[in-house]
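Below, each chain spelled out in residue letters.
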Amino acid sequence: MKKFSALFGGTKPVIAMVHLAPMPGTPLYDAEGGVEAIVEAARRDLKALQDADVDAVMFGNENDRPYELEVDTASTATMAFVIGQLRKEIQKPFGVNVLWDPMASVALATATGASFMREILTGTYASDMGPWTPNAGKAMRYRDRLNRSDLVMLANVSAEFAYSLDRRDLADRARSAVFSSIPDAILVSGAITGEAAEMADLVAVKRVLPDTPVLANTGVKHSTIADVFKVADGCIVGSSLKVDGDTWKAVDAARAAEFMRLAKAARGD
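Just so it is clear, the model here is predicted, and its values are computed rather than measured.

### Quick word on the overall build of the chain
Part 1 of the argument: Summing up its helical and strand segments, the chain has nine helices and 11 strands in all.
Part 2 of the argument: Radius of gyration (C-alpha) of the chain: 17 Å, near the 18 Å computed for a compact globule of 269 residues.
Part 3 of the argument: Counting only C-alpha atoms and orienting by the principal axes, one finds that the chain spans roughly 50 × 40 × 35 Å.
Part 4 of the argument: Within the chain, counting contacts between residues at least 6 apart in sequence, those at least 24 apart form 70% of the total.
Part 5 of the argument: Once the 30 positive and 35 negative side-chain charges of the chain are each reduced to a mean point, those two points are 6 Å apart.

This is the structure we're talking about:
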C-alpha cells in the first residue's frame, strides 16, 4: 500500500496502455516497417494519452500474439529499445508488462527505470499458452537481486485467456496472495483483453482487501468508469481509448480525453 500510494498519491489512477506493435520474431511483426515503425506508433499513442492527462502509462506487448509464457529475448530487448527512444518524452509515471513472463517484466522494468510492472504472479491455470504456473517467489527474488525493491508490482489474480485450476473463489485467492506479501496492488480482469471484469468480482475482492489497492484491469469503458470507481482503487485501460474502441487500433485522442473527463468527475477531481 505504501509504495502504491507514494507512486500515485491519494488518487484513483487511470493507467493507460501503450500497446506496442508486434516485436521482431513474432508472427505479426512488420518487417518492412521495422523497429522504427514500432517507435513511431508508440510515440503517437504516448502523446495522445499524455495530452489527455492520464495518470500513468504502461507499455505492453499485447500484439505479440500468440502469447508465450517464456518470452523471446528479442521482444524484451526491443521493448527496452523503444522505451529508451521515448524516455525523454515520458512525462507520467510509467510501467511495463511483458506478456506473460514475470522475469522478463522485472528485467525490462530495471533496464528502463519503470516505476511499476503488471503480471500474473500466482495460481495454476489451463491456458491458451498451455499449462501455466507462475513463480512469484522467483520473480520477487530476481527483482531484489536487481536492486529494484522499489518496483511497484501489480498482480493480476484473474488470468486472461485461462481457466484457474485453483477452485478457491477469487476473493480467497486474492487474499492469499496479499498474505504472502506478493503484490503492491491486486488486479481483477475479464476473460480476455478488452472484456470487463465482473463487478461482483471487484466487490468481493475489495471487501476482503480493504487496505490493499484493488484495480479493474480490463474492459473499463466510458459508460462504466463511474460505477467502477465506486468500488475500485483505480483502473488500467487500453481498448476504450482506441479508435472505435478497437484494441488493435491507435489511441483516439478525443476518446482518451473524454474518458479522463469522466474519470476525474467520478473521483471528484
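### A look at the packing of helix 2 (residues 34–51) against helix 3 (residues 73–86)
Part 1 of the argument: Look at helix 2 against helix 3: their axes get within 10 Å of each other, and the N-to-C directions meet at 50 degrees. The angle between helix 2 and helix 3 places the two elements in the oblique class. When the axes of helix 2 and helix 3 are compared, the crossing they make is right-handed. The residues of helix 3 that touch helix 2, namely those facing Val35, Glu36, Ile38, Val39, Ala42, Arg43 and Leu46, are Thr78, Phe81, Val82, Gln85 and Leu86.
Part 2 of the argument: A breakdown of the residues in the contact of helix 2 with helix 3 according to their chemical character gives eight nonpolar, two polar and two charged.

### What about helix 3?
Part 1 of the argument: Its 14 residues place the ends of helix 3 20 Å apart at the C-alpha level, agreeing with the 20 Å of an ideal helix rising 1.5 Å per residue.
Part 2 of the argument: Taken together, the buried residues of helix 3 touch helix 2, strand 2 (56–60), strand 3 (94–97) and helix 4 (102–112).
Part 3 of the argument: Between a side-chain oxygen at the N-terminus of helix 3 and the backbone nitrogen of alanine 74 the separation is 2.7 Å; the capping residue is aspartate 72.

### Topic: the pairing of strand 1 (residues 14–19)
Part 1 of the argument: Most of strand 1 sits out of view: six of its six residues are buried.
Part 2 of the argument: The pairing of strand 1 with strand 11 (residues 235–237) spans three bridges and is classified as parallel. Of the residues in strand 11, the one forming a bridge with valine 14 is cysteine 235.
Part 3 of the argument: In terms of strand pairing, strand 1 meets strand 2 through five bridges, oriented parallel. When the bridges of strand 2 are listed, methionine 17 appears paired with methionine 58.

### Some remarks on the sheet that holds strand 8 (residues 162–164)
The strands that make up a sheet are held in pairs by hydrogen bonds between backbone atoms, and each pair lies either parallel or antiparallel.
Part 1 of the argument: Here we have three strands laid out as an open sheet, ordered 6-5-8, and antiparallel in their pairing. Of all the strands in the sheet, the pair left with one neighbour each is strand 6 (130–132) and strand 8. Taking the axes of each pair of neighbouring strands and ignoring which way they run, one obtains an average angle of 25 degrees across the sheet.
Part 2 of the argument: As paired elements, strand 5 (residues 125–127) and strand 8 share three bridges and run antiparallel to each other. Within strand 8, the position partnered with tyrosine 125 by the bridge is serine 164.

### Focus: the pattern of salt bridges
Part 1 of the argument: Inspection of every chain in the model, using the stated rule, returns 17 salt bridges.
Part 2 of the argument: For the salt bridge of aspartate 53 with lysine 264, the shortest nitrogen-to-oxygen distance reads 2.6 Å. Pair noted here: aspartate 53 is in the loop between helix 2 and strand 2 and lysine 264 is in helix 9 (residues 253–266), with a separation of 211 residues, a long-range link.
Part 3 of the argument: For lysine 264, a relative accessible area of 24% puts it in the partly exposed group.
Part 4 of the argument: Via salt bridges that share partners, Glu40, Arg43 and Glu89 belong to a single interconnected network.

### Some details on the pairing of strand 7 (residues 152–156)
Part 1 of the argument: For strand 7, the buried fraction is high: five of the five residues fall into the buried class.
Part 2 of the argument: The alternating pattern of strand 7 places Val152, Leu154 and Asn156 on one face and Met153 and Ala155 on the opposite face, and all of these are buried.
Part 3 of the argument: Direction of pairing for strand 4 (residues 116–119) relative to strand 7: parallel, over a ladder of four bridges. Counted as the bridge partner of glutamate 119 is alanine 155 from strand 7.
Part 4 of the argument: Pairing analysis gives three bridges linking strand 7 to strand 9 (residues 185–188), with the strands arranged parallel.

Thresholds applied
Residues numbered from 1 in each chain as written. Predicted model: local features only at pLDDT ≥ 70, side-chain atom pairs only at ≥ 80, totals over all residues. Heavy atoms only, no water. Helix = DSSP H or I, 4+ residues; strand = E, 2+ residues; numbered from the N terminus. Rg over C-alpha atoms; globule rule 2.2 N^0.38 Å. Contact = heavy atoms within 4.5 Å. Lys, Arg positive; Asp, Glu negative; His and termini not counted. Charge placed at Lys NZ, Arg CZ, Asp CG, Glu CD. Axes fitted to C-alpha atoms, helices over the stretch in contact; angles between N-to-C directions. Parallel < 35°, antiparallel > 145°, perpendicular 65-115°, else oblique. Left-handed = near helix turned anticlockwise from the far one by under 90°. Nonpolar A, V, L, I, M, F, W, Y, C, P; charged D, E, K, R; others polar. Expected span 1.5 Å × (residues − 1). Polar contact = N/O pair within 3.5 Å; in protein donor to acceptor, adjacent residues only side chain to side chain. Buried < 20%, exposed > 50% of the residue type's maximum accessible area, 1.4 Å probe, protein only. Pairing = 2+ DSSP bridges. Salt bridge = Lys/Arg side-chain N within 4 Å of Asp/Glu carboxyl O.

Bear in mind that shape data such as this cannot, by itself, settle questions of function.
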